[in-house]
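Observations on chain architecture
Okay, here's what each chain looks like letter by letter:
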Amino acid sequence: DNNQWLPEMHQFVDFNDRTEGSSNGGLPLCYTDEFDGPLTNNKNFMQDITKLNRERIPERVVHAKGTGAFGYFELTHDMSHICKSEFLRSAGKRTPIAVRFSTGAGERGSSDFNRDSRGFSVKFYTKEGNFDLTGFHTQMYLYKDPLRASTIFHGIKRMPGTNLYNFNPYWDAVTLVPETLNFILNIYADNGIPLNYRHMPGFPIHTYQVENECGDYHFVRFHFMPDAGVKTIKTQDAMTLGATDPDHAIKDLYEAIKRGEFPSWTVSVQILTMDDVHKDGSNAFDPSRKLSSEKYPLHPVGKIVLNKNAKNFHEEIEQLAFCPCHLVPGILGAPDKLFESRVLFYKDTQLYRLGKNHNNIPVNCPLHNIYTYNRDGMPPVGKNGGDDPNYFPNSYNGPQPLMNKQSNCTSEARCPGLIQIKESPADNTDQIVEFYNDLTEEGREILSENLLMPLKTIDQFLQKKVVDIFTTNLPDLARRLAKGLNCTLQSN
Ligand code: HEM
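Residues numbered from 1 in each chain as written. Predicted model: local features only at pLDDT ≥ 70, side-chain atom pairs only at ≥ 80, totals over all residues.

1. Quick notes on the overall build of the protein chain
Heads up, the rule is: Helix and strand assignments follow DSSP, with helices taken as H or I runs no shorter than four residues and strands as E runs no shorter than two, numbered in order from the N terminus. Residues with at least 20 neighbouring C-beta atoms inside 10 Å of their own are called buried, those with 12 or fewer are called exposed, and the rest are partly exposed, where every C-beta is derived from the backbone. Remark: residues whose backbone-derived C-beta atoms lie within 7 Å of one another are considered to be in contact.
Across its full length, the protein chain carries 15 helices and 9 strands. Burial status across the protein chain gives 35% buried among its 492 residues. Within the protein chain, contacts between residues separated by at least 24 positions form 72% of all contacts whose residues are at least 6 apart in sequence.

Written out as structure tokens, the structure reads:
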């Protein structure tokens, strides 16, 4: 076998350290100079094209465009009174983190300025394993019923036939799942488009159940607020910059970190007791609603600081995989159905996008104590567990699934696990009305202008459906939209 090309092909060139004019390791630049025969016999050429052809992996089904960075979470306030997680004990402790920011609907090549949700995901590499929080830049998600997923996901994507964007399915989905309007009004408002990621807040939305050493339960909603303040961009500027500088948010984050201006966020929680949960019922867990900050004020917990860019985007950011199922002792997840659906959804999509062993990719791998029953399969296989027990349960002291671990509770016998809640049909109209009422006259005018942009392009019967939906609760907005769309207002 003629291996003459292999050593050169495998030589790595560090482009960052390369000095001008330095050698590239002597790779031949023109294959035909070296070899006159058929190209299929040219190992260099064949290696090159077969590798190039296999460079792409599927992009994320949503949140495909994004960027990320690394840093640490510093605990400023000990939380052990409500949560026994190691990384939330002893103020001053630092835990390494990876963060990925993203836009929601657009593809990998789309603009950072689209009017859309933004993702803010954090992976905490704690000593007890990885804890993932995936958040939005809004305090609520679009809907609460997990069966709405394909209506909404297909509604925000391109038309299957023409492959063009068309607002008909989007607004059809909105009118069929009207609780989405709580989210829609937030992103169509004057301050709905984040200027960049450094000035963007993050809200993991679900109300997580946490447990302390005594087995007492509390419930928390996390908030990440940028220390540099929240900044947004006006519609016209977003449209102009979206055309001229579509990667603005990615560049802005990368360059700030490179300059040594490390962005940071204050992490806080709203805390609910079991009594609060009994009083509020399933509203306390409804992801299509925000939680009142007057009723449940923010308690500071710590800081997120990003001080390191990725060295290789594909390796460290594209392959990052967050999952709501990545939990640590003390954090049990959220008891609502949408959360349950996400545990299944993210795992399944990552099995497809990155393969069975995606948790062996270094950026997804816990930093400490990796014991798992996962074995074999396609690379990356990693350490593969030696001869440790590879079945559960076993009598050889193999790892325990988190949910099987009993708490150290001595005071009270408790059944460990998430509480059961009975969910009612979605109802967030009160928050929609409150949001609109809090806007100034100018804010209302801008909101209706922003809404009219897509609404003017959709089918007439859908325009009427949208106006009708607002007529009962937001007659003022319905009037503005009906005027802009030239349609008759339903009398109520
Ligand atoms: C509170 C509600 C939700 C929030 C805050 C949220 C947030 C996010 C974020 C931030 C990402 C990007 C993760 C990354 O940076 O790699 C993401 C990805 C994703 N989300 Fe959600 N999401 C929510 C609900 C849902 C629901 C209900 C579904 C489906 C039923 C869903 C399906 C997905 C999928 C498939 C991905 C791509 C994951 C990957 O390929 O790695 N999300 N979500």
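Here the narrative resumes, following the displayed structure.
2. Brief notes about the environment of Gly192
Relative to the helices and strands, Gly192 is located in the loop between α6 (181-188) and β5 (208-211). Taking the C-alpha atoms as reference points, Gly192 and Leu447, 255 residues apart in sequence, are found 9.4 Å from one another. Contacts of Gly192, omitting those with residues within four sequence positions, involve Arg115, Asn186 and Ile187.

3. Comments concerning the packing of helix α13 (residues 441-455) against helix α15 (residues 475-485)
Selection rule: Here the axes come from fitting lines to C-alpha atoms, over the contacting stretch only for helices, and the angles between their N-to-C directions go from 0 to 180 degrees. Here the angle decides the label: under 35 degrees means roughly parallel, over 145 means roughly antiparallel, 65 to 115 means roughly perpendicular, and every other value means oblique. Two helices crossing with the near one rotated counterclockwise from the far one by less than a right angle form a left-handed crossing, whereas a clockwise rotation gives a right-handed crossing. Gly falls in the polar group here, along with every residue not listed as nonpolar (Ala, Val, Leu, Ile, Met, Phe, Trp, Tyr, Cys, Pro) or charged (Asp, Glu, Lys, Arg).
At their nearest, the axes of α13 and α15 sit 10 Å apart, and the two run at 45° to each other. By the criterion of interaxial angle, the relationship of α13 to α15 is oblique. At the point where α13 passes α15, the crossing takes the right-handed sense. Within the contact between the two elements, α13 uses Arg444, Ser448, Leu451, Leu452 and Leu455 and α15 uses Asp476, Leu477, Arg480, Leu481, Gly484 and Leu485. The class makeup of the residues in the contact of α13 with α15 is 6 nonpolar, 2 polar and 3 charged.

4. What about the pairing of strand β4 (residues 129-136)?
Quick reminder of the rule: In this scheme, strands are said to pair when DSSP sees at least two bridges between them.
Judged by how many residues are buried, β4 sits mostly within the fold: 7 of 8 residues are covered. Across 8 bridges, the pairing between strand β3 (residues 118-126) and β4 is antiparallel. The residue bridging Gly119 from the neighbouring strand is Phe136, located in β4. Connecting the antiparallel pair β3 and β4 is a turn made up of 2 residues.

5. Topic: helix α11 (residues 337-353)
The test is simple: Working rule for helices: expected span equals 1.5 Å times residues minus one. This arc describes the spread of directions from the helix axis toward the C-beta atoms.
Over its 17 residues, α11 extends 24 Å from the first C-alpha to the last, a length consistent with the 24 Å expected when each residue adds 1.5 Å. Those residues of α11 lying buried are Leu338, Phe339 and Arg342. Looking straight down α11, one finds its buried side chains confined to an arc of 85°; they lie on one side. For α11, the exposed residues set more than 90 degrees away from the buried face come down to Asp348 and Tyr352. Of the surrounding secondary structure, the elements contacted by the buried residues of α11 are β9 (331-333).

6. Notes on the UniProt feature "binding site: heme" (unreviewed entry) in the protein chain
Quick note on the threshold: UniProt positions are given in the numbering used here, feature names are shortened, and annotations may be inferred rather than shown by experiment.
Mapped onto the present numbering, the UniProt feature "binding site: heme" (unreviewed entry) falls at Tyr346. Considering the arrangement of structural elements, one finds Tyr346 in helix α11. Look at Tyr346 and you get partly exposed, because 18 C-beta atoms sit within 10 Å.

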